[in-house]
Amino acid sequence: MKAKNRDQSLSDSRELDGSYDQLTDSVEDDFELSTVCHRPESMDKLQEQTKFTKKELQVLYRGFKNECPSGVVNEENFKTIYSQFFPQGDSSMYAHFLFEAFDTNKNGSVSFEDFVFGLSIILRGTINDRLNWAFNLYDLNKDGCITKEEMLDIMKSIYDMMGKYTYPTMQDDAPREHVESFFQKMDRNKDGVVTVEEFIESCKKDENIMQSMQLFDNVI
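Residues numbered from 1 in each chain as written. Predicted model: local features only at pLDDT ≥ 70, side-chain atom pairs only at ≥ 80, totals over all residues. Heavy atoms only, no water.

**Q** Mind laying out the pattern of salt bridges, listing which residues take part and the relevant values?
**A** Under the defined criterion, the tally for this structure stands at six salt bridges. The residue lysine 79 makes a salt bridge to glutamate 76 at a minimum N-O spacing of 4.0 Å. Placement of the pair is lysine 79 and glutamate 76 together in helix 5 (residues 75–83), with a separation of three residues, close to one helical turn. Note that lysine 205 and glutamate 201 form a salt bridge whose closest N and O atoms lie 3.3 Å from each other. Of this pair, lysine 205 and glutamate 201 both sit in helix 11 (residues 196–205), four residues apart, roughly one helical turn. Assessed through its relative accessible area of 58%, lysine 205 is described here as exposed. One salt-bridge network, held together by shared partners, links Glu75, Glu76 and Lys79. (Salt bridge = Lys/Arg side-chain N within 4 Å of Asp/Glu carboxyl O. Helix = DSSP H or I, 4+ residues; strand = E, 2+ residues; numbered from the N terminus. Buried < 20%, exposed > 50% of the residue type's maximum accessible area, 1.4 Å probe, protein only.)

See the structure below:
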């Protein structure tokens, strides 16, 4: 039974990255088993559970496997990878929040499945799907509402990530002013917190937010 599971796991992995080669099979088996801690689900399952095609999943898996040969990424490695995209600032705190959003099982690691499930929502989900995902990112303690403090933490991390080169004249209180402006629009009943309903309703009425979300439509 173990041998069968092992063979199926290798087959699923190779189907994803398109790298199956019978001539090198026996050599690669031992190498892969010694380096890979986690293997993704089968191609068919991932296609059913996401909005990606087989080809897109293969491209994503090659990239993921290249950065994370073990099949999973922990938070420190995630921060290192993410920092490459924002060399002008400090992306560590925003990467922490993003990692928490992708780590749906709360086990301290993000697998390829975790990664593509989240990415499928961000890139291919409905407006409501995307806004729900964004709300979950902002709701740091996962209690079903966003406080000013939570939004401020996210906003500060975004400004830190973009860096002084992007905003050379930015004042130190700019993130707080940004949050105050958001809360004026979103906190409809003025109870000091923003619910998911308030968040989605306010975002849908904001033309800039809707336009920015449409930019993701053709990323892959």
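**Q** Explain the UniProt feature "domain: EF-hand" (unreviewed entry) in the protein chain to me, and be specific about the residues and the numbers.
**A** Per the UniProt entry, the sites bearing "domain: EF-hand" (unreviewed entry) are residues 90–125, 126–161 and 174–209 in this numbering. The distance from the first to the last C-alpha atom of residues 90–125 is 29 Å, and the span holds 67% helix and 8% strand. In this annotation, residues 126–161 is assigned 72% helix and 8% strand; the end-to-end C-alpha distance for the span is 27 Å. (UniProt positions renumbered as here; feature names shortened; annotations may be inferred.)

**Q** Can you lay out the environment of leucine 131 for me, pointing to particular residues and giving the numbers?
**A** Within the secondary structure, leucine 131 is located in helix 8 (residues 127–138). Along the backbone, leucine 131 and isoleucine 200 are 69 residues apart, and their C-alpha atoms lie at a distance of 6.0 Å. When sequence neighbours within four positions are dropped, the list of residues in contact with leucine 131 reads Phe199, Ile200, Cys203, Lys204, Met210 and Met213. (Contact = heavy atoms within 4.5 Å.)

**Q** I'd like a rundown of the packing of aromatic side chains, residues and numbers included.
**A** Going through the model one piece at a time under the given rule, you end up with 13 aromatic pairs. For the ring pair tyrosine 61 and phenylalanine 112, a centre distance of 5.0 Å and an interplane angle of 75° mean the geometry is edge-to-face. Here tyrosine 61, found in helix 4 (residues 54–67), pairs with phenylalanine 112, found in helix 7 (residues 112–124); they are 51 residues apart in sequence, far enough to count as distant. (Phe/Tyr/Trp six-rings, centres within 6.5 Å; stacked < 30°, edge-to-face > 60°.)

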